[in-house]
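Secondary and tertiary structure notes
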Amino acid sequence: KTSMRGLDTDIPSITKSIVGHVQTSLAQQAHNLDDLGAYQAAALSVRDNLILNWNETQMHYTRKEPKRAYYLSLEFLMGRTLDNALLNLGLKPKYDDSISQLGFRLEDLLEQERDAALGNGGLGRLAACYLDSSASQELPVWGYGLRYKYGIFQQLIAPDGSQLEAPDPWLEHDNPWELPRLDVTYEVRFYGHSERLDNMKAVWSGGQEVLAMAYDTMIPGYETKSTNNLRLWESKPKRGFDLQSFNAGDYERAVESSNSAAAITSVLYPNDHTTFGKELRLKQQYFWTAASLADIMRRFKNLGKPISEFPDYVAIQLNDTHPTLAIPELMRIFVDEEDVPWDAAWQLVTNTFFFTNHTVLPEALEKWPVPLMQNLLPRHMQIIFDITEIVVSVVEKKFPGDRERLARMSLIEEGYPQNIRMANLACIGTRKVNGVAELHSELVRLTIMKDFVDLYGVSKFSNVTNGITPRRWLDQCNPRLSNLISETLKLPKAVFLKDLYKLEGLLQFADDPAFQKKWAAVKQSNKERLAQHVQTTLGLKINTHAMFDVQIKRLHEYKRQTLNIMGVIHRYLTLKDMTPAERKKVNPKVVLFAGKAAPGYYVAKLTIRLIVNVARIINADADTKDYLQLYFLPDYSVSLAEVLIPASDISQHISTAGTEASGTSNMKFCLNGGLLVGTVDGANIEIAEEVGEQNVFFFGHLTPAVEDLRYKHMYHPVPVEQKCPPLARVLNEVSAGRFGDGGVYEPLLNTIRQHDYYLLTEDFDSYIQALKLVDEAYQDRTEWIKKSIRTTAKMGKFSSDRAIQDYAQEYWNIESTKPE
Ligand code: 26Q
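Residues numbered from 1 in each chain as written. Predicted model: local features only at pLDDT ≥ 70, side-chain atom pairs only at ≥ 80, totals over all residues.

**Digging into the confidence of the model for the protein**
Considering every residue of the protein, the mean pLDDT works out to 96; 99% of them sit at 70 or more. In the predicted assembly, ipTM is 0.98 and pTM is 0.98. (pLDDT = per-residue confidence, 0-100.)

What follows is the structure, given as structure tokens:
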């Protein structure tokens, strides 16, 4: 019953612990406790277990001195923690019993927790999955990020259908999952001036200093004591920062400077792709990289090893270009503070860092104006210029006189003002560069990094296909399916949750009618769970006997939610054209959208407005509402995804070929037995390779055609009416006001009528054709269920455990290690 170092985990002890937290930590009475209080007490009780495991793991790392990896990400989209912690600790059944005995339902308590939504979308959620996999595989990996006071905004839908944004005060109720570390603080400097000394050194002084304080979040591994750390920094004014103003009686000024320090970590930027040139964003990036590197350096120095061994103990993964300032910052530390000669320092730096690219869209490549950098970080600007010299000399040596090549590869883009190309800096300052799916990595080599491939050779540029954690995205979000798989394979869940390739065992049951029936029943119950959720949160009634067709992701033109909504309108018009008898043969379908648009992204916001208003008309049409329903679910989040994904029959991943680096929700849907309709893009391709093309619905032009088509559109435009009459009809119906004031949508419609950069007119026909094939396939329900089973069975590759193994072995050179 009692373990040496652990807590007692029998039910009476758990109950005692929960009640103890109610009385002491919360200072409440057990008899008039509400769900929120009960959640908080249960969370604190679970946290006690995590803290002990965390301490033991960290002590072990300190003693054993393994090489460690650090994942630097400005975004960690964690979602809720309690359920995940209970599952990873293996304590869910016991807490369930204990909480029932206390007169509550665990399910209700889980719903009390707010999402930790410190991310925009795929990139942030990927970081969260990678932390789960690292801890589960007992790898010494820490995450470093920012503790934003406000996460991604809350999305509301206005009466006219447009998106409104409200702040996300996720820390409103105490956050039991973080531990403030009052003693772990660093000073971070901004502005001031940098004076060069000899030996490439400099002294940076003056300006302002703010304080970074650590908050630690425990990351439990699955079925292991190993518990890693996610360290998030909060900005604070330095003690005594305001003494002068206070003494002078200038309180306003004192408060102002205090506020400006706190502002750095106040809010997550809600833009994915674009919005550069904002000083506060650059401040966030430097504040975070400086604090993280200072912390990493302190830990390394505690080892007492010579500085030349830094890369033998430290690997740092840069999640996109957002942490690229870590490269000049580590140079500054080595050269200015540790007296390492410049060339030796550059060797150490380039052996420490690794860079993951997440986009090839040219407009999304990060750039910063030189004057802004010069003012905010004068020493780093010098270092960036000095690194530019390195580039110039190696390029000049290999390609003498090739001025154009040099201009393309330089860290500085000429112009007024000049800009710093962060992707170029990230490339030359790192050991390896990777893309996030095979096609994407190939495009990285062929487009944005082409010149660097010529310079360094191709081996620096490789691929790590993204993955998702099967703990959250199968067991936690779909326990019924997880149980069915376990009983069918006669394997404990832990076996396939730790080795997802074990799902292949399901193939031999795909033709078994009894199993098919159970499989279909799970999907049905998940559809009902979603319908229930939508009923209670939005008051809407969804037809659970319909096919559920889902597109949930950030709103972006390249993701083509517009293609989907135009397809829905087309379906609606087709239904209206039918006689009642003809309609009766149509399989009912529910189309679900969810996703946020960047607050300043006008066309994306207009797309939401169109979806909402089309939904109003369609859902109210007595002729068609039994055959087609359309919903836009507001405020998409990790928690909403956990309910939506298991309920989907088919999901849409329909980006213009070559634009979606990977996608990760595609993997989540397929793992949960949903089929996929999509373009030949990102990880869709590898999913099809695994599950077989007969089990996915592909459509649209391929990547190599895209460039030519765009060229044609530019120089030989053909009106939509000619190119794609069915789409033209849809556009005209919207224009004519069939879904409310048509004029409102003109700017959106014009993106299609005019340049059509994302090629809707080129792909519309084959899209409609693919949806027709989906309908036909769904008619043969047994065949459909077989496809669904076979899809889940072949998802082994997409576990984030595989991806993290790849990083650990091929990049970081770290090994599993655990206490005892
Ligand atoms: C950069 C500078 C200034 C402001 C904002 C940003 C910014 C913020 C977030 C730029 C990009 C992002 C997020 C990008 C993202 O989520 N990319 C997605 O990454 C996933 C994980 O690799 C892929 O699956 C998706 O294909 C990719 O779109």
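**Quick notes on the UniProt feature "modified residue: N6-(pyridoxal phosphate)lysine" (unreviewed entry) in the protein**
With numbering matched to this structure, UniProt assigns "modified residue: N6-(pyridoxal phosphate)lysine" (unreviewed entry) to K668. Summarising the element assignment, K668 is placed in helix α27 (residues 665-671). Under the C-beta neighbour-count criterion, K668 is labelled buried, with 30 such atoms within 10 Å. Ignoring sequence-local partners within four residues, the contact set of K668 consists of I468, W473 and I645. (UniProt positions renumbered as here; feature names shortened; annotations may be inferred. Helix = DSSP H or I, 4+ residues; strand = E, 2+ residues; numbered from the N terminus. Buried ≥ 20, exposed ≤ 12 C-beta atoms within 10 Å, placed from the backbone. Contact = placed C-beta atoms within 7 Å.)

**Considerations on the environment of L52**
If you trace the backbone, L52 turns up in helix α2 (residues 35-64). Taking the C-alpha atoms as reference, L52 lies 23 Å from G145; in sequence the two are 93 residues apart.

**Let's talk about the sheet that holds strand β17 (residues 432-435)**
Across a sheet, paired strands are connected by hydrogen bonds in the backbone, their directions being either parallel or antiparallel. Pairing in this open sheet of nine strands is mixed, and the strands run β7-β10-β11-β4-β1-β12-β13-β17-β18 from one edge to the other. The sheet is open, and its two borders are formed by β7 (178-190) and β18 (461-463), each paired with just one other strand. Averaged over all pairs of adjacent strands, the angle between strand axes in this sheet comes to 25 degrees, irrespective of strand direction. As paired strands, strand β12 (residues 314-319) and strand β13 (residues 353-356) are joined by four bridges and run parallel to one another. Bridge pairing in β13 places Q317 opposite F354. Contacting β1 (68-72), β4 (141-146), β7, β10 (208-220), β11 (227-237) and β12, helix α9 (residues 279-302) runs over the sheet at an angle of about 110 degrees to β7. (Pairing = 2+ DSSP bridges. Axes fitted to C-alpha atoms, helices over the stretch in contact; angles between N-to-C directions.)

**Points about the site of the ligand**
Around the ligand, 23 residues are found, and the nearest of them are G122, L123, D272, A661 and S662. Ranked by residues supplied to the shell around the ligand, first place goes to helix α6 (residues 122-136) with three residues. Considered class by class, the residues forming the shell around the ligand number six nonpolar, 13 polar and four charged. Each of domain 2 (66-80 + 115-361) and domain 3 (489-701 + 726-733 + 763-802) gives at least three residues to the shell around the ligand. (Near = placed C-beta within 6 Å. Nonpolar A, V, L, I, M, F, W, Y, C, P; charged D, E, K, R; others polar. Domains from an automatic or database assignment.)

**Let's talk about the pairing of strand β23 (residues 675-679)**
A regular strand carries its side chains on alternate faces of the sheet. In terms of residue burial, β23 counts as a mostly covered element, since five of its five residues are buried. Residues L675, V677 and T679 line one face of β23 and the alternating positions L676 and G678 line the opposite face, and both faces are buried. Bridging between strand β22 (residues 650-653) and β23 involves four bridges; their strand directions are parallel. Looking at β23, one finds that S651 is bridged to L676.

**Digging into the packing of α9 against helix α11 (residues 326-337)**
For the pair α9 and α11, interaxial distance at closest approach is 10 Å and the crossing angle is 45 degrees. One finds that α9 runs oblique with respect to α11. Regarding α9 and α11, the two cross each other, and that crossing is right-handed. Packed against α9, whose contacting residues are T289, A290, L293 and M297, the element α11 presents A326, E329, L330 and I333 at the interface. (Parallel < 35°, antiparallel > 145°, perpendicular 65-115°, else oblique. Left-handed = near helix turned anticlockwise from the far one by under 90°.)

**A few points about the domain arrangement of the protein**
Per the domain assignment, the segments of the protein are domain 1 (1-64 + 83-113), domain 2 (66-80 + 115-361) and domain 3 (489-701 + 726-733 + 763-802). The gap between the C-alpha centroids of domain 2 and domain 3 is 36 Å. If you list the elements that add at least two residues to the side of domain 2 that touches domain 3, you get β2 (76-79), α6, β5 (154-157) and β6 (163-166). With eight residues, the single largest contributor to the side of domain 2 that touches domain 3 is α6. For the side of domain 2 that touches domain 3, the residue count by class is 11 nonpolar, 16 polar and eight charged.

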